[in-house]
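Descriptive structure summary
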Amino acid sequence: MKTILSFTLLFIALAIKAQNYNEICQKGIGHIKENDYAQAAVYFEQAVAYSSNNNEKIYALANLAYSYQMQNELQKALKEYDKALEVAPSELTLLQQRANIYLRLDSTARALEDYNRLLQHEPSNTGALLCRAHIYTNTEQFDKAWEDYKRLQMWIPDNLSVRLGIAMLYQKEKRYDESLLVLSAMIEENAGIAELYIARSNLERERGHNELAMMDLEKAIELDPDNANNYILQAIIYEKMGKKDAARKCRKKATELGAGQNAVGL
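First, a word on scope: everything that follows refers to the structure included in this document. Throughout, residues of each chain are indexed from 1 in the direction in which the sequence is written. Reporting of local features is limited, given that this is a predicted model, to residues whose pLDDT is at least 70; pairs of side-chain atoms are given and counted only at 80 or more, and all residues count toward the totals for whole chains, interfaces and linings. The basis for every side-chain value is the complete set of heavy atoms in the structure, and neither hydrogens nor water enter the calculation.

Side-chain atoms within 4.5 Å are what join buried Ala, Val, Leu, Ile, Met, Phe, Trp, Tyr and Cys residues into a set we call a nonpolar core. In this scheme, a residue with accessible area under 20% of its type's maximum is buried, one over 50% is exposed, and one in between is partly exposed, where area comes from a 1.4 Å probe on protein chains only. Formed by 77 residues in total, the largest nonpolar core has its most connected members in Ala-47, Tyr-115 and Tyr-149. Ranked by the residues each element gives to this core, the list is headed by helix H13 (residues 228-240), at eight residues. For this analysis, residues touch if any pair of their heavy atoms sits within 4.5 Å. In this structure, Tyr-115 is in contact with Ala-99, Asn-100, Leu-103, Ala-128, Cys-131, Arg-132 and Ile-135, ignoring residues within four places of it in sequence. Each helix corresponds to a stretch of at least 4 residues labelled H or I by DSSP, and each strand to a stretch of at least 2 residues labelled E; elements are numbered beginning at the N terminus.

Here it is, written out as structure tokens:
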């Protein structure tokens, strides 16, 4: 009789815990939908504590990591992705999310390790392939970057991110005319995208064509006037042109828009 009673009490306790876990997760998801990621993190921290099996724990940890990620608390997000992958090391979605965090933290070697591992299991994962190509470009492993971009061109040939990546690869190889051709074609087809003008401005600035660089930057600012980094880039060009007062005004504008110490050019 005592054994039956103990089992019954345990069953009730587990049922209550499961109910609490589900309620907490629902509240957390509700806050994510409302873009209230700080409050979502509070609920998913609780959900981790209330989880009663690995699936529940992974779900709570993944959402907790995502909530931190959306608050730009990348170290905290990384810590939760690590915990989730300890429980489920073969979960590829978690692996890709962690790789993306490493990339944003400039932990290039670790990001590359995760992307390589992911692509061993999912060779056609275009998101991971694009990120790996970006890493290869920035680390001057140009042959490997081209291998990835050629595969991407087969699968998603008109993708803007792929085409922009190829333009940046040409630039890194100092094949400036080819980079300019790609960027100019993209701008002609997509005249309303500020990032493309920034890319061409950066190319022209590297070539020493400051006037052309400024023209593209002014167009980018027209399209995206609240982006602080645009004004910092503008200040850099003004400084190269010897226009110190204009550069100072641009940096002041960037500060007013909330540019931090990690902003471009600071």
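Back to the text.
With that settled, consider the pattern of salt bridges. Here, a salt bridge means any side-chain nitrogen of Lys or Arg that lies within 4 Å of a carboxyl oxygen of Asp or Glu. One pass over the full model with this rule turns up 14 salt bridges. Residue Glu-239 pairs with Arg-251 through a salt bridge whose shortest N-O separation is 3.2 Å. Note that Glu-239 is positioned in helix H13 and Arg-251 in helix H14 (residues 244-256), a separation of twelve residues in sequence. Judged by its relative accessible area of 39%, Glu-239 falls in the partly exposed class. Several salt bridges share partner residues, and in doing so they unite Asp-82, Arg-98 and Asp-114 into one network.

The next point concerns the packing of aromatic side chains. Classification of ring pairs uses Phe, Tyr and Trp, with its six-membered ring standing for Trp, and accepts pairs whose centres are within 6.5 Å; under 30 degrees between planes counts as stacked, over 60 as edge-to-face, and the remaining range as tilted. In total, this model carries three aromatic pairs according to the counting rule given. With centroids separated by 6.1 Å and ring planes inclined at 80°, the aromatic side chains of Tyr-37 and Tyr-66 adopt a geometry described as edge-to-face. Highlighted residues: Tyr-37 in helix H2 (residues 37-50) and Tyr-66 in helix H3 (residues 54-70), separated in sequence by 29 residues.

For the rest of this paragraph, the subject is the environment of Glu-80. Turning to its location among the elements, Glu-80 is positioned in helix H4 (residues 74-87). Glu-80 has contacts with Leu-61, Leu-64, Ala-65 and Tyr-68, leaving out every residue within four places of it along the chain.

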